[in-house]
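Observations on chain architecture
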Amino acid sequence: MSALGSEAFNKLKDAAQEVDSSDTGISNFCGYSMRVAGLLGGLATLLCAVLGFFSTLTRFPVYCYVIGFGFISVVMDISQFMCTAGMKSWIEKEFKILTRLWGKGIFYIFIGTLLLWQWGLIPIIVGSYMMLVGILMILISFQSGRKLGSLRQKLVAQTDMEVEEAFKKYDKDGNGWISDAEFKDLAREHEISLNANEMDAAKNILDTDRNGKIDKNEFRVWLTTERFIRISWL
């Protein structure tokens, strides 16, 4: 029994060391997913707005806006867990800034300032949380874009392969698109580590048709478009 426990402990230790070596920095703040953080913030915003909506009528218009903004933030992050992809696509079409993690960060900071302006203990707590999440999103977006630009430069400089040949190399299972795991392997091969939050931010840049996959055409655009060097984090 003790041997089994020791083996389990060693496996957990190895896993922890692997995470610690690959997912570091502000972009993996406490290993916390920005999608989960955003979803919790959106739900808290909705709850705060509903409570404020019924507690005072003098700020009725403001809380109507907060309810709407909270609903948008929930839809943007809950689509990972529920079937709201159609609604998310409509929101991204109408509010293109939300297709970028830095844009969501600005949006969250804006919601946070609205809540802080309402005063009261709950609005201050939720507003401060939203502003913190927003700031983290902007920092992660910047760091991810910087890594993405560096990776592109290394790929262009180090490989003599054509784009199609390079795509086939990194599309290891040959299904016609590069998965998150395959893209992380690509980055790791060029000595760049991407954690889950950075991968999400990078995919927001690369996945231009918003289908959750990096296909051959998107891979080609990334490698052959100069703007990814200059403003890759945008």
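What you are looking at is a predicted structure, and each value in this text was computed from that prediction instead of being measured. (Residues numbered from 1 in each chain as written. Predicted model: local features only at pLDDT ≥ 70, side-chain atom pairs only at ≥ 80, totals over all residues. Heavy atoms only, no water.)

Observations concerning the overall build of the protein chain
Helices and strands together make up the secondary structure of the protein chain, namely eleven helices and two strands. Counting the 234 residues in the protein chain, one finds 41% classified as buried. Across the protein chain, the fraction of contacts at a sequence separation of at least 24, relative to all contacts at a separation of at least 6, is 66%. Accessible area for the protein chain stands at about 12900 Å²; split by element, carbon and sulfur atoms hold 64% of it. (Helix = DSSP H or I, 4+ residues; strand = E, 2+ residues; numbered from the N terminus. Buried < 20%, exposed > 50% of the residue type's maximum accessible area, 1.4 Å probe, protein only. Contact = heavy atoms within 4.5 Å. Areas by Shrake-Rupley, 256 points an atom, 1.4 Å probe, with all protein chains shown as cover.)

Quick notes on a nonpolar patch on the surface
Among the surface-exposed residues, Leu47, Leu51, Leu121, Ile122 and Ile125 lie close enough to one another that they form a single nonpolar patch of about 520 Å² accessible area. Elements represented by at least two residues in the nonpolar patch include exactly α2 (34-55) and α6 (121-158). Ranked by residue count, the leading element in the nonpolar patch is α6, at three residues. Among the structural elements, Leu51 can be located in helix α2. (Patch = residues over 30% accessible without salt bridge, like charges linked within 9 Å, V, L, I, M, F, W, Y side chains within 5 Å. Salt bridge = Lys/Arg side-chain N within 4 Å of Asp/Glu carboxyl O.)

Points about the nonpolar core
Counting 26 residues, the largest nonpolar core has Phe107 and Leu115 as its most contacted members. Looking at this core, the elements that each hand over two or more residues are α2, α3 (60-78), α5 (101-117) and α6. The biggest single contributor to this core is α3, with seven residues. (Core = buried A, V, L, I, M, F, W, Y, C linked by side-chain atoms within 4.5 Å.)

A few points about the UniProt feature "transmembrane region" (unreviewed entry) in the protein chain
Per the UniProt record, the feature "transmembrane region" (unreviewed entry) sits at residues 36-54, 60-85, 97-116 and 122-142. Split by type, residues 97-116 is 80% helix and 0% strand. Its first and last C-alpha atoms lie 23 Å apart. Spanning residues 122-142, this segment combines 100% helix with 0% strand, and its end C-alpha atoms are found 30 Å apart. (UniProt positions renumbered as here; feature names shortened; annotations may be inferred.)

Some remarks on the side chain of Asn197
Mapping Asn197 onto the fold places it in helix α9 (residues 196-206). The buried category is assigned to Asn197, whose relative accessible area is 5%. Among the polar contacts listed, one links the side chain of Asn197 to the backbone nitrogen of Met34, at a separation of 3.0 Å. (Polar contact = N/O pair within 3.5 Å; in protein donor to acceptor, adjacent residues only side chain to side chain.)

Quick word on the environment of Leu186
Residue placement: Leu186 occurs in helix α8 (residues 180-189). In this structure the C-alpha to C-alpha distance between Leu186 and Leu151, which are 35 residues apart in sequence, comes to 8.9 Å. Once residues within four sequence positions are removed from consideration, Leu186 is found in contact with Leu151, Leu155, Tyr170 and Phe219.

Topic: helix α10 (residues 216-224)
Listed as buried for α10 are Glu218, Phe219, Trp222 and Leu223. In an axial view of α10, the angular spread of the buried residues amounts to 130°, which keeps them on one side of the axis. A side-chain oxygen of the first residue of α10 lies 3.2 Å from the backbone nitrogen of Asn217; this N-cap is Asp215. (Arc of directions from axis to C-beta.)

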